[in-house]
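Analysis of the macromolecular model
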Amino acid sequence: VQLVESGGGLVQAGGSLRLSCAASGFTFAEYAIGWFRQAPGNEREFVAAVTWAGGYTYYADSVKGRFTISRDNAKNTVYLQMNSLKPEDTAVYYCAAGQVPGARRSRDYGYWGQGTQVTVSS
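These lines cover the structure that appears in this document, whether it is placed above or below. Please read all numbers here as calculations on a predicted model, not as lab measurements.

**Regarding the side chain of Asp108**
Looking at where Asp108 falls in the secondary structure, it is placed in the loop between strand E9 (91-98) and strand E10 (109-112). For Asp108, a relative accessible area of 19% puts it in the buried group. Each residue touching Asp108, except ones within four places of it in the same chain, is listed here: Gly98, Gln99, Val100 and Ala103.

Structure, rendered in C-alpha cells:
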C-alpha cells in the first residue's frame, strides 16, 4: 500500500497550489480519502475528505470555500485544490485512505502518505 503526495511548495499569500495524492497497492475506489495537515507544534488536523465515488465532500471550516477536494478513480489519484492561501495554511499536508466516509479523525484512516510541505509567505 502506498500513498504519495506531491504538489507542495512555497507560495505567496493569496496564491494557489494543487496537491495530488497517488495511490497504489489497494482497491482505491473502495476507500474514502482524507487530507490532513500538521504545522510545527500543532496536532494533525482534518482538512477535507471525499467519499469513494466522489459524490460527497467534507471540509474543515477553516478551508471551506477556498479548498476543493476531488478524485479520479481511473487514475487512483485525489487532488486538493487550494486557493486564496493564507500563512496559517502553512503545514505538512498528508493524504490518507480509510473506510469511514467523511471521517474527520486521524484514527479512522489506516493508510497514510509521507506528506508534502506547503509554505505560504505573507
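**Observations regarding the side chain of Ser20**
Relative to the elements of secondary structure, Ser20 occurs in strand E3 (residues 17-24). Setting aside residues up to four positions removed in sequence, Ser20 forms contacts with Val4, Glu5, Ser6, Trp35, Thr77, Val78 and Tyr79.

**A word on the packing of aromatic side chains**
Considering all chains together, one arrives at nine aromatic pairs under this definition. Measuring from ring centre to ring centre gives 5.3 Å for Phe36 and Tyr109, while their planes differ by 80°; the resulting arrangement is edge-to-face. In this pair, Phe36 sits in strand E4 (residues 32-38) while Tyr109 sits in strand E10, placing the two residues 73 residues apart along the sequence. On the numbers, 5.1 Å between centres and 55° between planes, the contact of Phe36 with Trp112 is tilted. Of this pair, Phe36 sits in strand E4 while Trp112 sits in strand E10, placing them 76 residues apart in sequence. Take Trp112: its relative accessible area is 26%, and that puts it in the partly exposed class. Three or more aromatic residues joined by ring pairs make a cluster, and in this case those are Phe36, Phe46, Tyr94, Tyr109 and Trp112. The ring of Tyr94 has Arg44 sitting right over it, with the charged end atom 4.0 Å from the ring centre. One Lys or Arg, Arg71, reaches over the ring of Phe28 and ends 4.4 Å from the middle of that ring.

What counts, and where the lines are drawn
Residues numbered from 1 in each chain as written. Predicted model: local features only at pLDDT ≥ 70, side-chain atom pairs only at ≥ 80, totals over all residues. Heavy atoms only, no water. Helix = DSSP H or I, 4+ residues; strand = E, 2+ residues; numbered from the N terminus. Buried < 20%, exposed > 50% of the residue type's maximum accessible area, 1.4 Å probe, protein only. Contact = heavy atoms within 4.5 Å. Phe/Tyr/Trp six-rings, centres within 6.5 Å; stacked < 30°, edge-to-face > 60°. Lys NZ or Arg CZ within 6 Å of the ring centre and 35° of its normal.

Nothing here speaks to function; it is all geometry.
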